[in-house]
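Residue-level listing of the chains:
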Amino acid sequence: MDKIEKKVMTGKRLDPEEGLFLFENDDLFTLGRLASMVAERKNKRHVYYVRNRHINPTNICVNRCKFCAFSRSKGEKGSYELTVEEILSKLGDGCYREVHIVGGLHPDWGFDHYVNIISKIKEEFPETHIKAFTAVEIDHFSRISGLSIEDVLKRLRESGLDTMPGGGAEIFSERVRMRLCPEKISGERWLEIHRKAHILGIRTNATMLYGHIEGYRDRIDHLIRLRELQDETGGFLAFIPLSYHPANTETGGSYTSGIDDLKTIAVSRLILDNFDHIKAYWIMLGEKIAQLSLLFGADDIDGTIIEEKITHSAGGVTAESLTIEEIREIVTKAGRIPIERDALYRIIG
């Protein structure tokens with residue numbers, strides 16, 4: 001730990017074995033102190049939030065991943081599909097700076113339908129930043145349209161897409177992925193699609209789903225691969241560790257512990273030295289662990305969200321939205337300074 005601390009203090013990069021040591025070590029307070037120091041070095045004592053709105057157009061999906069409680073087959077009880085008009089109505093008076101759109105791979109929707117969703121939102125709400133479609137969805141659009149990944153991304157961008165979320169990464173290990181989500185694209189394909197988005201100037205986020213059937217070494221491998229792509233392109237905006245929720249899933253298992261959540265946030269902050277932002281996604285962590293995460297290397301707490309379906313389908317017990325006042329109070333009581341941002345981390349006001 002002394003060797004790692006000296007490297008962190010001098011800004012030197014940690015290697016995979018050092019990252020593995022941090023996961024296996026029980027000195028949580030030193031880990032938190034080091035991660036917090038790195039976060040403050042990058043972002044002072046600022047913690048960012050955004051006025052955003054999540055929309056999931058459909059839960060009908062040709063993939064039925066074992067860890068997912070959100071997806072349904074067509075005609076199955078609980079399945080739904082929103083019309084474009086219903087999607088637009090959820091944006092109300094356009095008070096959101098960002099709309100976050102991800103959903104199932106609908107067997108009957110063509111690529112033009114997804115393009116239409118984006119173009120109609122941009123037409124109706126031109127000031128709202130559109131962050132939409134995971135790499136898994138982009139790959140699906142390519143297959144159903146016959147277009148290359150590049151052409152799919154270009155058409156979406158021309159229609160109003162601004163950035164991409166980081167979902168679908170899960171865990172990159174093929175050994176784990178074949179047990180967890182064999183129908184989903186490979187980790188290499190996920191990285192390839194994000195690389196192509198970055199080359200086109202489309203910024204993206206990155207995620208890691210942890211706490212299911214993976215091990216610490218799988219987590220480190222995942223983080224290192226993200227760090228390598230960020231070295232290459234610089235296109236990632238933020239990293240979001242996602243804690244696994246087991247309810248109503250085929251994978252089953254248990255919820256992550258608060259200690260594991262804090263440790264994962266902190267190790268991510270120390271390994272991903274080329275990422276500016278680490279997000280404590282309060283929907284999955286819960287408000288209190290998300291607040292603690294601000295002392296363990298996180299500098300972003302996401303935003304208002306308004307309506308969240310994916311985590312809550314898997315047993316999430318948090319609220320589905322927070323007000324700006326609630327977010328600011330969480331941040332302030334952690335001894336940090338709440339800063340409203342836009343989707344590209346530009347400060348508002």
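Everything discussed here concerns the structure shown above.
Here's a quick rundown of the structure. Everything numeric here is computed off the predicted structure, so don't read it as measured data. (Residues numbered from 1 in each chain as written. Predicted model: local features only at pLDDT ≥ 70, side-chain atom pairs only at ≥ 80, totals over all residues. Heavy atoms only, no water.)

### Observations concerning the nonpolar core
And step 1. By size, the foremost hydrophobic cluster in this structure holds 103 residues, and its most contacted members are Ile-138, Leu-156, Trp-190 and Leu-226.
And step 2. The residues touching Leu-156, leaving out its near neighbours within four places in the chain, are Phe-111, Val-115, Ile-118, Phe-133, Ile-138, Phe-141 and Leu-161.
And step 3. Core analysis: the next-biggest nonpolar cluster, separate from the first, contains five residues, Leu-237, Ala-238, Ile-339 and Tyr-345 among them. (Core = buried A, V, L, I, M, F, W, Y, C linked by side-chain atoms within 4.5 Å. Buried < 20%, exposed > 50% of the residue type's maximum accessible area, 1.4 Å probe, protein only. Contact = heavy atoms within 4.5 Å.)

### So, the side chain of Arg-225
And step 1. Within the fold, Arg-225 resides in helix H10 (residues 216-233).
And step 2. Arg-225 has contacts with Phe-172, Ser-173, Glu-188 and Leu-191, leaving out every residue within four places of it along the chain. (Helix = DSSP H or I, 4+ residues; strand = E, 2+ residues; numbered from the N terminus.)

### Considering the packing of aromatic side chains
And step 1. On inspection of all chains with the given rule, the structure shows 11 aromatic pairs.
And step 2. Ring geometry for Tyr-114 versus Phe-133: centroids 5.8 Å apart, planes at 85°, classification edge-to-face. Within this pair, whereas Tyr-114 is found in helix H5 (residues 111-124), its partner Phe-133 is found in the loop between strand S4 (129-132) and helix H6 (135-145), the two being separated by 19 residues in sequence. Just as Tyr-114 is buried, Phe-133 falls in that class too.
And step 3. With centroids separated by 6.4 Å and ring planes inclined at 80°, the aromatic side chains of Phe-239 and Phe-275 adopt a geometry described as edge-to-face. In this pair, Phe-239 is assigned in strand S6 (residues 236-243) and Phe-275 in the loop between helix H11 (258-271) and strand S7 (277-278), connecting sequence segments 36 residues apart. When sorted by exposure, Phe-239 lands in the same class as Phe-275, which is buried.
And step 4. Aromatic rings pair up to connect Trp-109, Phe-111, Tyr-114, Phe-133 and Phe-141 into one cluster.
And step 5. One residue, Arg-341, lies across the ring of Tyr-345, its end atom 4.2 Å from the ring centre. (Phe/Tyr/Trp six-rings, centres within 6.5 Å; stacked < 30°, edge-to-face > 60°. Lys NZ or Arg CZ within 6 Å of the ring centre and 35° of its normal.)

### Regarding the packing of H5 against helix H7 (residues 149-159)
And step 1. At a minimum axis separation of 8 Å, H5 and H7 run at an interaxial angle of 30°. The orientation of H5 with respect to H7, classified from their angle, is roughly parallel. For the pair H5 and H7, contact is made by Phe-111, Asp-112, Val-115, Ile-118, Ser-119 and Lys-122 and by Val-152, Arg-155, Leu-156 and Ser-159, respectively.
And step 2. Here the residues of the contact of H5 with H7 are counted per class, giving five nonpolar, two polar and three charged. (Axes fitted to C-alpha atoms, helices over the stretch in contact; angles between N-to-C directions. Parallel < 35°, antiparallel > 145°, perpendicular 65-115°, else oblique. Nonpolar A, V, L, I, M, F, W, Y, C, P; charged D, E, K, R; others polar.)

### Remarks on the sheet that holds strand S3 (residues 98-101)
And step 1. Ordered by their spatial adjacency, three strands build an open sheet running S2-S3-S4, and the pairing between neighbours is parallel. Edge strands, defined here as strands with exactly one partner in the open sheet, are strand S2 (52-55) and S4. Neighbour to neighbour, the strand axes of the sheet diverge by 20° on average, direction disregarded.
And step 2. Here four bridges tie S2 to S3, and the two strands are oriented parallel to one another. The partner of Ile-55 across the bridge, within S3, is Ile-101.
And step 3. Contacting S3 and S4, H5 runs over the sheet at an angle of about 160° to S4. (Pairing = 2+ DSSP bridges.)

### Concerning the pattern of salt bridges
And step 1. Scanning the model with the defined rule gives 31 salt bridges in all.
And step 2. Of the charged contacts, one joins Arg-13 and Asp-231 as a salt bridge, the two residues approaching to 2.8 Å between their closest N and O atoms. Note that Arg-13 is positioned in the loop between helix H1 (2-9) and helix H2 (16-24) and Asp-231 in helix H10, a separation of 218 residues in sequence.
And step 3. Across the salt bridge formed by Glu-98 and Lys-131, the nearest N and O atoms sit 3.2 Å from each other. Placement of Glu-98 in strand S3 and of Lys-131 in strand S4 is noted, with a sequence separation of 33 residues between them. The same class applies to Glu-98 as to Lys-131, namely buried.
And step 4. Here the salt bridges share partners, and the residues they tie into one network are Asp-139, Arg-143, Glu-150, Arg-189, Glu-192 and Lys-196. (Salt bridge = Lys/Arg side-chain N within 4 Å of Asp/Glu carboxyl O.)

### Some details on helix H15 (residues 324-333)
And step 1. Buried residues of H15: Ile-324, Ile-327, Ile-330 and Val-331, and no others. Here the buried residues of H15 occupy an arc of 130° about the axis, which is enough to place them on one side. Projecting away from the buried face of H15 at angles above 90 degrees are the exposed residues Glu-325 and Lys-333.
And step 2. Here the buried face of H15 lies against strand S1 (46-50), helix H13 (287-293), strand S8 (300-303) and strand S9 (337-340). (Arc of directions from axis to C-beta.)

### With respect to unusual backbone geometry
And step 1. With a phi angle near 55°, Lys-44 is a residue other than glycine that sits in the positive phi range.
And step 2. Residue Lys-44 is classed as exposed on the basis of its relative accessible area of 59%.
And step 3. Phi angles above zero are rare outside glycine, and Phe-133 is one such case at about 70°.
And step 4. Accessibility expressed as a relative area gives 1% for Phe-133, which makes it buried.

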